[in-house]
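Here is how the chains run, residue by residue.
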Amino acid sequence: MRIVVVGATGNVGTSLISALECDPEVTSIVGVARREPSWRPAKVEWRTGDVRTADLVPMFSGADAVVHLAWIFGPTHDPAATWQTNVIGSTRVFRAAAEAGVSTLICASSVGAYSPGPQDRAIDESWPTHGWPGAAYSREKAYVERLLDSFEREHPGIRVVRMRPAFIVKRESATEQWRLFAGPLMPQRVVRPGLIVPDIPGMRFQLVHTADAAEAYRLALLRPVSGAFNIAADPVIDGDVLAEMLRARRVRMPAWLVRGAVAAGWQARLIPASPGMVDLLLHLPIMDTTRARTELGWRPRYSATEALREVLDGLRGRAGMETPPLSPEGGVERIKRLMTGVGSRLL
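Residues numbered from 1 in each chain as written. Predicted model: local features only at pLDDT ≥ 70, side-chain atom pairs only at ≥ 80, totals over all residues. Heavy atoms only, no water.

Novice: When you look at the sheet that holds strand β4 (residues 65-68) in this model, what are you seeing that I'm missing?
Specialist: By way of backbone hydrogen bonds, the strands of a sheet pair with one another, either parallel or antiparallel. Here we have seven strands laid out as an open sheet, ordered β3-β2-β1-β4-β5-β6-β10, and parallel in their pairing. Lying at the two open borders of the sheet, with one neighbouring strand each, are β3 (44-48) and β10 (227-231). With direction set aside, neighbouring strand axes in the sheet form an average angle of 20°. Most of the contacts of helix α3 (residues 79-99) go to β4, to which it runs at about 175°, and overall it touches β1 (2-6), β4 and β5 (104-108). (Pairing = 2+ DSSP bridges. Helix = DSSP H or I, 4+ residues; strand = E, 2+ residues; numbered from the N terminus. Axes fitted to C-alpha atoms, helices over the stretch in contact; angles between N-to-C directions. Contact = heavy atoms within 4.5 Å.)

Novice: Explain the sheet that holds strand β7 (residues 167-169) here, please?
Specialist: Sheet architecture is open: three strands sit in the order β7-β9-β11, paired in mixed fashion. If you trace the sheet from one side to the other, it starts and ends with β7 and β11 (233-237), each paired once. When strand polarity is set aside, the average angle formed by the axes of neighbouring strands in this sheet is 35°. Here strand β9 (residues 205-209) pairs with β11 via two bridges, running antiparallel. Across the sheet, Phe-205 pairs through a bridge with Ile-237, a residue of β11. Strands in contact with helix α6 (residues 210-222) are β7 and β9; relative to β9, the strand with the most contacts, it is inclined by about 75°.

Novice: Help me understand helix α9 (residues 275-283), please; the structure alone is not making it clear to me.
Specialist: Those residues of α9 that sit buried are Pro-275, Gly-276, Val-278, Asp-279, Leu-280 and Leu-282. Looking at the buried side of α9, the elements it contacts are α4 (136-154) and α8 (255-267). (Buried < 20%, exposed > 50% of the residue type's maximum accessible area, 1.4 Å probe, protein only.)

Novice: Help me understand the packing of aromatic side chains in this model?
Specialist: Here a ring pair, both rings aromatic, is described through the centre-centre distance and the interplanar angle of the planes. Tallied over the entire structure, the rule returns seven aromatic pairs. Where Trp-39 meets Trp-46, the ring centres are 6.1 Å apart and the plane angle is 50°; that geometry is what we call tilted. Here Trp-39 and Trp-46 have matching classes, each one buried. Three or more aromatic residues joined by ring pairs make a cluster, and in this case those are Trp-71, Phe-73, Tyr-137 and Phe-181. Just above the ring of Trp-71 sits the side chain of Lys-141; from NZ or CZ to the centre is 3.7 Å. The ring of Phe-229 has Arg-291 lying over it, and the distance from NZ or CZ to the ring centre is 4.1 Å. (Phe/Tyr/Trp six-rings, centres within 6.5 Å; stacked < 30°, edge-to-face > 60°. Lys NZ or Arg CZ within 6 Å of the ring centre and 35° of its normal.)

Novice: Before we go on, may I ask you to explain the packing of α8 against α9 in this structure?
Specialist: At a minimum axis separation of 8 Å, α8 and α9 run at an interaxial angle of 150°. With respect to each other, α8 and α9 are oriented roughly antiparallel. Between α8, through Ala-255, Val-258, Arg-259, Val-262, Ala-263 and Trp-266, and α9, the contact on the second element is made entirely by Pro-275, Gly-276, Val-278, Asp-279 and Leu-282. Broken down by class, the residue content of the contact of α8 with α9 amounts to eight nonpolar, one polar and two charged. (Parallel < 35°, antiparallel > 145°, perpendicular 65-115°, else oblique. Nonpolar A, V, L, I, M, F, W, Y, C, P; charged D, E, K, R; others polar.)

Novice: I'm lost on the pattern of salt bridges in this one. Help?
Specialist: Inspection of the entire model under this criterion finds 18 salt bridges. Between Asp-199 and Arg-250 there is a salt bridge whose closest N-O contact spans 2.5 Å. Of the two residues, Asp-199 is situated in strand β8 (residues 196-199) and Arg-250 in strand β12 (residues 249-252); the sequence distance between them amounts to 51 residues. The exposure class of Arg-250 is partly exposed, given its relative accessible area of 36%. (Salt bridge = Lys/Arg side-chain N within 4 Å of Asp/Glu carboxyl O.)

Given below as structure tokens:
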């Protein structure tokens, strides 16, 4: 198989390439990224291109499958910019895959595409994907789901798979995720035992280790499946789990207080995370992963707590990789971000 990975240098892309490298059925990999990395894995040919503007058809030519992972979380103060990459860019990827004659398209959706769910049970892949309208990330993921609906109707001969993972973490992604959500003013060393953990009513979410998410993608590439797959590990993370892992004291905080603090920091351009992400976190459903386990044969190697412990360790060690998205941020870059306003420019 010849596989194209769009967004190959990020959190999931790097782990997917590592998984595909070891698979004897995969003969070659085309890694498409906005910025070429110094990382040089076997089987990979790098192609530099921005999904908003690049001529993607030649990059996809001769491929058996395209995996679309490219996504940006900011600039959060410029939703038109994220829409251009995440929605218009996805449209261009899907169109190019059809024009290049690719037989399989696998797209990264998310738990964030789902509408708010029930509190008493987990939801399967049939749950509505209308997102949470107050968060740009969720709106865009939901819109891409509609694009995929249209694509499937127009191209019935192309196998389409939608992966809907929970939050995806690994040690090497720690610095990037801190940069995306906490920003340069908050030092990573603050994540240490003895912290106070806010106990917010309704805060429950799922995690999956990036290596396990990548394995789900690999299995979807090699098996004749289609449709959506929920991807998450047990247990569900809540205030009790966080407090135990951080050996921290839980402090009850109303959601409005936390949202207000995030909103103030975001409006002042001190943190990149928008208040809409707080709302989204409090409205995410809990996903049932039965379909992935039965039809893909997928089993996570890491529990959610193991994945969380690894990324927390990565935060304390400023972990990263030799790719532009995952590279640890130096002091000069931190100063540039502060001068331009946190959350105001494309990373």
